[in-house]
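Report on the structure
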Amino acid sequence: MMTPMQGVAATPIDSHQFEPYTKENSEANADFSFQTLADVTKAILHHAFWLAEQKQNLSLKEYKKLLCNQGWQGEEKKYLKIAATFGKFAPQDFDQVEPRTIYQLAERSKQYQKVIDRLLDLSVINQETVRTLIQKQRTPRAARPQKPSIWRRLKNGGRYCQIPPIHEASEQTGTTLQKMMDEEGLSAQQIVAEAIALRQAYKEGQLKIS
């Protein structure tokens with residue numbers, strides 16, 4: 001890995017270097033535009049490595065003063081993540097990768113650890129290869145069918161049973177349940193609990209229907 005630079009001077013972009021489109025200058029403009037983007041990516045990595053070095057070498061008080069003087073307090077964290085994620089690389093390794101991809105990999109470094117490890121094996125890293133590796137990492141696994149559950153959680157950590165709605169064209173179950181509630185003065189829960197207990201007893205051979 002290349003030794004982190006002690007600072008990176010930003011190069012102003014002259015908008016006049018982008019001339020109106022013509023066939024003659026389109027290729028030149030494209031080269032300049034993509035090179036500028038590559039410089040941005042390298043500058044991000046240079047700054048990240050430099051900032052990580054300052055944090056390591058300065059006292060906490062000096063480090064905080066550095067950030068405060070630059071108005072960067074709270075903003076430095078994303079760059080420290082970049083330094084930690086790409087510490088085994090050199091800034092020029094990513095001069096064919098657009099800046100947002102660098103932030104994306106660093107922000108989710110645990111999720112994309114396999115992608116980052118794979119990049120170490122490549123002699124040339126570019127946007128297409130990184131994007132391909134990210135897409136493969138995102139390949140969704142076949143969803144397992146969820147087992148139906150009647151349990152619902154309470155705020156206190158307990159749980160309760162909730163039977164889903166019963167849809168019948170004849171409405172027989174609902175009509176019968178309502179009639180039992182009206183005639184016997186029992187709640188729907190009591191009747192359902194009794195019915196389930198009787199069915200379980202029947203399954204276990206403790207109840208016979210003549």
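Predicted model, so just to flag it, every value in this text is computed and none were measured.

1. What about the pattern of salt bridges?
- Scanning the entire structure with this criterion turns up three salt bridges.
- Between Lys42 and Asp39 there is a salt bridge, with the nearest N and O atoms lying 3.8 Å from each other. Taken as a pair, Lys42 and Asp39 lie in helix 1 (residues 26-57) at a separation of three residues, close to a single helical turn.
- A residue is classified by how much of its surface remains accessible, and Lys42, at 22% relative accessible area, is partly exposed.
- A relative accessible area of 38% means that Asp39 is categorised as partly exposed.
- Put simply, Glu107 and Arg100 hold a salt bridge, and the shortest N to O gap is 3.6 Å.
- Residue Glu107 is classed as partly exposed on the basis of its relative accessible area of 44%.

2. A short note on the environment of Ile163
- Relative to the assigned elements, Ile163 resides in the loop between strand 2 (159-161) and helix 7 (172-184).
- For Ile163, a relative accessible area of 46% corresponds to the partly exposed category.
- Expressed as a C-alpha distance, the spacing of Ile163 and Gln189, which sit 26 residues apart in the sequence, is 9.9 Å.

3. Focus: the packing of aromatic side chains
- Per the stated rule, a full pass over the model turns up four aromatic pairs.
- Taken together, a centroid distance of 5.9 Å and an interplanar angle of 75° make the contact between Tyr79 and Tyr103 edge-to-face. Within this pair, whereas Tyr79 is found in helix 3 (residues 77-85), its partner Tyr103 is found in helix 4 (residues 99-107), the two being separated by 24 residues in sequence.
- When the centroid spacing of 5.0 Å and the interplanar angle of 70° are considered together, the rings of Phe89 and Phe94 count as edge-to-face. Per residue, the accessibility class of Phe89 equals that of Phe94, and both read buried.
- These aromatic residues form a ring-pair network of at least three members: Phe86, Phe89 and Phe94.
- Between the NZ or CZ atom of Arg159 and the centre of the ring of Trp151, over which it lies, the distance is 3.7 Å.

What counts, and where the lines are drawn
Residues numbered from 1 in each chain as written. Predicted model: local features only at pLDDT ≥ 70, side-chain atom pairs only at ≥ 80, totals over all residues. Heavy atoms only, no water. Salt bridge = Lys/Arg side-chain N within 4 Å of Asp/Glu carboxyl O. Helix = DSSP H or I, 4+ residues; strand = E, 2+ residues; numbered from the N terminus. Buried < 20%, exposed > 50% of the residue type's maximum accessible area, 1.4 Å probe, protein only. Phe/Tyr/Trp six-rings, centres within 6.5 Å; stacked < 30°, edge-to-face > 60°. Lys NZ or Arg CZ within 6 Å of the ring centre and 35° of its normal.

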